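Structure at a glance
Here is what each chain is made of, one letter per residue.
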Amino acid sequence: MDIVANYHPVFKAFLAGSFSGTFSTILFQPLDLVKTRLQNSSQHVVAAAVNSRIQPGMITIFSNIIRQEHIIGLWRGMVPSIARCVPGVGIYFSSLHWLKAKSGKTTADLGAFEAMMLGVVARTMSGVALIPITVIKTRYESGVYKYNSLGGALKAIYRAEGLRGLSCGLGPTLARDAPFSGLYLMFYTQSKQSIPKEWMQTPSAASMVHFSCGIVAGIAASLATNPADVLKTNMQLYPDKFPNAYNAAVYVHQKYGIKGYFKGAVPRMLRRTLMAAMAWTVFEEITRSIGLK
């Protein structure tokens, strides 16, 4: 940590963000996998009948994966997930730190609107940079595509679909991630500011406060952005069928109605909420220990 303390603040924020993203990505990958398969409009899943209708759900997807692919199958797509999430979280936190430094504000000083805008800009920067990996990650997890490696997937998509294939779903991805991060940061900073300052005096209490605020922020932001996540998943899995967000939205609405926009909401909410809460908790502790705060 002494060596890291001498690095540039933005680079320290990148390292802290990447480190915090590693553990949460590995731990919650099964939830992301289940979410992707729930949102796959062409996925045929045998499920229990509920009110005389077939309802594929989380438990059914989990059991099918374990039965067909064993326990290790729950971590399918781990390589592209790490390739996307770890540098993505690092880019997000370093961008956020740079933006806060430029504005002359700290996290504790941010107003609701300022926090939301900083979160939107920081996530947009990381989302654009990593959209090719996002496409590969979605396809890996779906079970529809059988890529042998990350590099092989990049080459196969580029040969078959060109640059458009490597950036498909960028609009819905940003419509999902940018508002999520903006809303998350707004709820996170505002809930933290409402906590009595004496609660932050001890490390154990501070960690619990950070984690609890992260949970509250994650639930609200996840629900608000789930429709965009559904459109993003379908566009990246079937770019020929859904060349734009409008086509995907019409299809989802015609097939499932309004509830179709919230397919996969439960596993996504669990993953995004717990992952973001853990990432922010670890990030806050690391930045304190390396003198970034």
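Residues numbered from 1 in each chain as written. Predicted model: local features only at pLDDT ≥ 70, side-chain atom pairs only at ≥ 80, totals over all residues. Heavy atoms only, no water.

The name recorded for the protein chain in an unreviewed UniProt entry is Mitochondrial glycine transporter, from Arctia plantaginis. What UniProt states about the protein chain under its Catalytic activity (unreviewed entry) heading is, verbatim, "glycine(in) = glycine(out)". In UniProt, the protein chain has this text filed under Function (unreviewed entry): "Mitochondrial glycine transporter that imports glycine into the mitochondrial matrix. Plays an important role in providing glycine for the first enzymatic step in heme biosynthesis, the condensation of glycine with succinyl-CoA to produce 5-aminolevulinate (ALA) in the miochondrial matrix." (UniProt positions renumbered as here; feature names shortened; annotations may be inferred.)

Another aspect to go through is the side chain of T25. Structurally, T25 can be placed in helix α1 (residues 9-39). Not counting residues up to four positions away in its chain, the partners in contact with T25 are M78, S81, I82, C85 and M275. (Helix = DSSP H or I, 4+ residues; strand = E, 2+ residues; numbered from the N terminus. Contact = heavy atoms within 4.5 Å.)

Running from N to C, α1 and helix α3 (residues 78-103) cross one another at 145°; their axes reach a closest spacing of 7 Å. For the element pair α1 and α3, the recorded crossing hand is right-handed. Taken together, the residues of the contact of α1 with α3 break down into 14 nonpolar, eleven polar and no charged. (Axes fitted to C-alpha atoms, helices over the stretch in contact; angles between N-to-C directions. Left-handed = near helix turned anticlockwise from the far one by under 90°. Nonpolar A, V, L, I, M, F, W, Y, C, P; charged D, E, K, R; others polar.)

In this structure the tally under the stated criterion is one cavity of 30 Å³ or more. A volume near 410 Å³ is recorded for the largest cavity. Among the secondary structure elements, those contributing two or more residues to the lining of the largest cavity are α1, α3, α4 (112-129), α5 (131-142), α7 (170-193) and α10 (265-289). Among the elements that take part in the lining of the largest cavity, α10 stands out by supplying seven residues, more than any other. Split into classes, the residues belonging to the lining of the largest cavity amount to eleven nonpolar, six polar and eleven charged. (1 Å grid on protein atoms, 1.4 Å probe; cavity = no way out; pocket = protein on both sides within 12 Å on 5 of 7 lines; lining within 4 Å. Points joined across faces, edges and corners; volume = space filled by probe spheres on them.)

In this structure, L166 sits in helix α6 (residues 150-166). Beyond its immediate sequence surroundings of up to four residues, L166 is in contact with I131, P132, V135, L154, I157 and Y158.

Turning to the nonpolar core, a few remarks are in order. Of all hydrophobic cores here, the largest spans 25 residues; its most connected members are Y92, L96, Y184, L185 and W280. Looking at this core element by element, the count peaks at six residues for α7. If we ignore the near neighbours within four places in the chain, the residues touching L185 are Y92, L96, A115, L118, G119 and W280. (Core = buried A, V, L, I, M, F, W, Y, C linked by side-chain atoms within 4.5 Å. Buried < 20%, exposed > 50% of the residue type's maximum accessible area, 1.4 Å probe, protein only.)

By the definition in use, this model includes twelve salt bridges. D229 is the partner of K35 in a salt bridge, and the nearest nitrogen-oxygen pair spans 3.2 Å. In this pair, K35 sits in helix α1 while D229 sits in helix α8 (residues 203-237), placing the two residues 194 residues apart along the sequence. Of the two residues, K35 and D229, both sit in the buried class. D229 is paired through a salt bridge with R268; the nearest N and O atoms lie 3.6 Å apart. With D229 in helix α8 and R268 in helix α10, the pair connects residues that are 39 residues apart, well separated along the chain. Taking the relative accessible area as the measure of exposure, R268 reaches 3% and is therefore buried. (Salt bridge = Lys/Arg side-chain N within 4 Å of Asp/Glu carboxyl O.)

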